[in-house]
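# Summary of the model geometry
Residue-level listing of the chains:
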Amino acid sequence: MIELRDATKIYKGEAYETKAIDHMDLTIEDGAFVAIMGRSGSGKTTLLNIVGCMDSLTSGELFIDGEKLSGLSEHKVGLVRRDKISFIFQNYALMQHYTVYENIELPLNARNCKPKDKKKAVNEIMEKLDIAHLASKFPRQISGGEQQRTAIARAMVSGCKYILADEPTGALDSMTAGELMKLFQMMHEAGKTILVVTHDNEVAAYAQKTIIISDGKIDNIKENK
Ligand SMILES: Nc1ncnc2c1ncn2[C@@H]1O[C@H](COP(=O)(O)OP(=O)(O)OP(=O)(O)O)[C@@H](O)[C@H]1O
Ligand SMILES: [Mg+2]
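These notes cover the structure that comes with them. (Residues numbered from 1 in each chain as written. Chains lettered and ligands numbered in written order. Predicted model: local features only at pLDDT ≥ 70, side-chain atom pairs only at ≥ 80, totals over all residues. Heavy atoms only, no water.)

By nearness alone, 13 residues border ligand 1, and Ser40, Gly41, Lys44, Thr45 and Thr46 come closest of all. Between an oxygen atom of ligand 1 and a side-chain N or O atom of Lys44, the distance comes to 2.7 Å. Separating an oxygen atom of ligand 1 from a side-chain N or O atom of His199 is a distance of 3.4 Å. Taken by itself ligand 1 offers 630 Å² of open surface, and the protein chains cover 62% of this. Those elements that provide at least two residues to the shell around ligand 1 are strand E2 (17-28) and helix H1 (44-51). Considered class by class, the residues forming the shell around ligand 1 number three nonpolar, eight polar and two charged. (Near = heavy atom within 4 Å. Polar contact = N/O pair within 3.5 Å; in protein donor to acceptor, adjacent residues only side chain to side chain. Areas by Shrake-Rupley, 256 points an atom, 1.4 Å probe, with all protein chains shown as cover. Helix = DSSP H or I, 4+ residues; strand = E, 2+ residues; numbered from the N terminus. Nonpolar A, V, L, I, M, F, W, Y, C, P; charged D, E, K, R; others polar.)

Written out as structure tokens, the structure is:
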């Protein structure tokens, strides 16, 4: 479970001070599939970065599985991120000098995973996402949709329970939003907890509920059918 308690994030520079998250309380239960919507600049990416331990709060608390993040050392926060959080970025963030296979294998290298188990896990997930035939290709040699499936395969193989995605359908080419969201549904059915930021109502409709953010606050929570 992810919990924000009275969470505030202020970006401060010499000439600006922006309150991107404003005294927010939020609970994401395990196994939830949540869409986050709101106009540009409302704080969606900031919220995802905070929840994903990529950035820290100015005040308030974040708890992940009951563990308070603000009390932890940099190193321990890094371990929480590695073991629990998987990001799917809009540009997929694949390593350009690694093959599809190596990209998917990456999160397993950070763990003590036997080579045999690693190979089995990577091959299984590649089969599932229909990219096994691309194993030895590099990201620049495959289509946008295939890159997206590679990024999803990497997130799935990681074993992380929380999957965070910031506008994953924003740069679609060969895969439609519907096809991509079916993969998200598959991850959800596999027990992952999913937070997806989107501008697209159709994408949000795949989630169980939609949280609408406005000026760093929760404006509305809508349960989907
Ligand atoms: N690194 C930063 N430094 C300073 N201000 C920032 C930074 N990142 C975001 N902001 C500001 O914080 C507010 C929230 O930004 P955020 O990126 O979270 O919005 P968003 O909802 O993701 O918008 P979009 O839909 O355009 O991606 C905005 O006013 C933005 O200008
Ligand atoms: Mg954003």
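That shown, we press on.
All right, on to the pattern of salt bridges then. Within this structure, the stated rule accounts for 13 salt bridges. For Asp65, the salt bridge is made with Lys84, and the minimal N-O distance between the two is 2.8 Å. Within this pair, whereas Asp65 is found in the loop between strand E4 (59-64) and strand E5 (67-68), its partner Lys84 is found in helix H2 (residues 74-84), the two being separated by 19 residues in sequence. Classification of Asp65 by relative accessible area gives partly exposed; the value is 30%. Counted as one network, the salt bridges with shared partners bring together Asp30, Asp65, Lys84 and Lys161. (Salt bridge = Lys/Arg side-chain N within 4 Å of Asp/Glu carboxyl O. Buried < 20%, exposed > 50% of the residue type's maximum accessible area, 1.4 Å probe, protein only.)

Spatial ordering of the open sheet is given by E6-E7-E8-E3-E9-E10, a layout of six strands whose pairing is mixed. Looking along the sheet, the strands with just one partner apiece sit at the ends: strand E6 (85-88) and strand E10 (217-223). Sheet twist, expressed as the mean angle between neighbouring strand axes with direction ignored, is 20°. Judged from the four bridges that link them, strand E3 (residues 33-37) and strand E8 (residues 193-197) form a sheet pairing that is parallel. Residue pairing for E8: Phe33 is matched across the bridge by Ile194. Across the sheet, H1 is in contact with E3, E6, strand E7 (162-166), E8 and strand E9 (209-214); its angle to E7 comes to roughly 155°. (Pairing = 2+ DSSP bridges. Axes fitted to C-alpha atoms, helices over the stretch in contact; angles between N-to-C directions. Contact = heavy atoms within 4.5 Å.)

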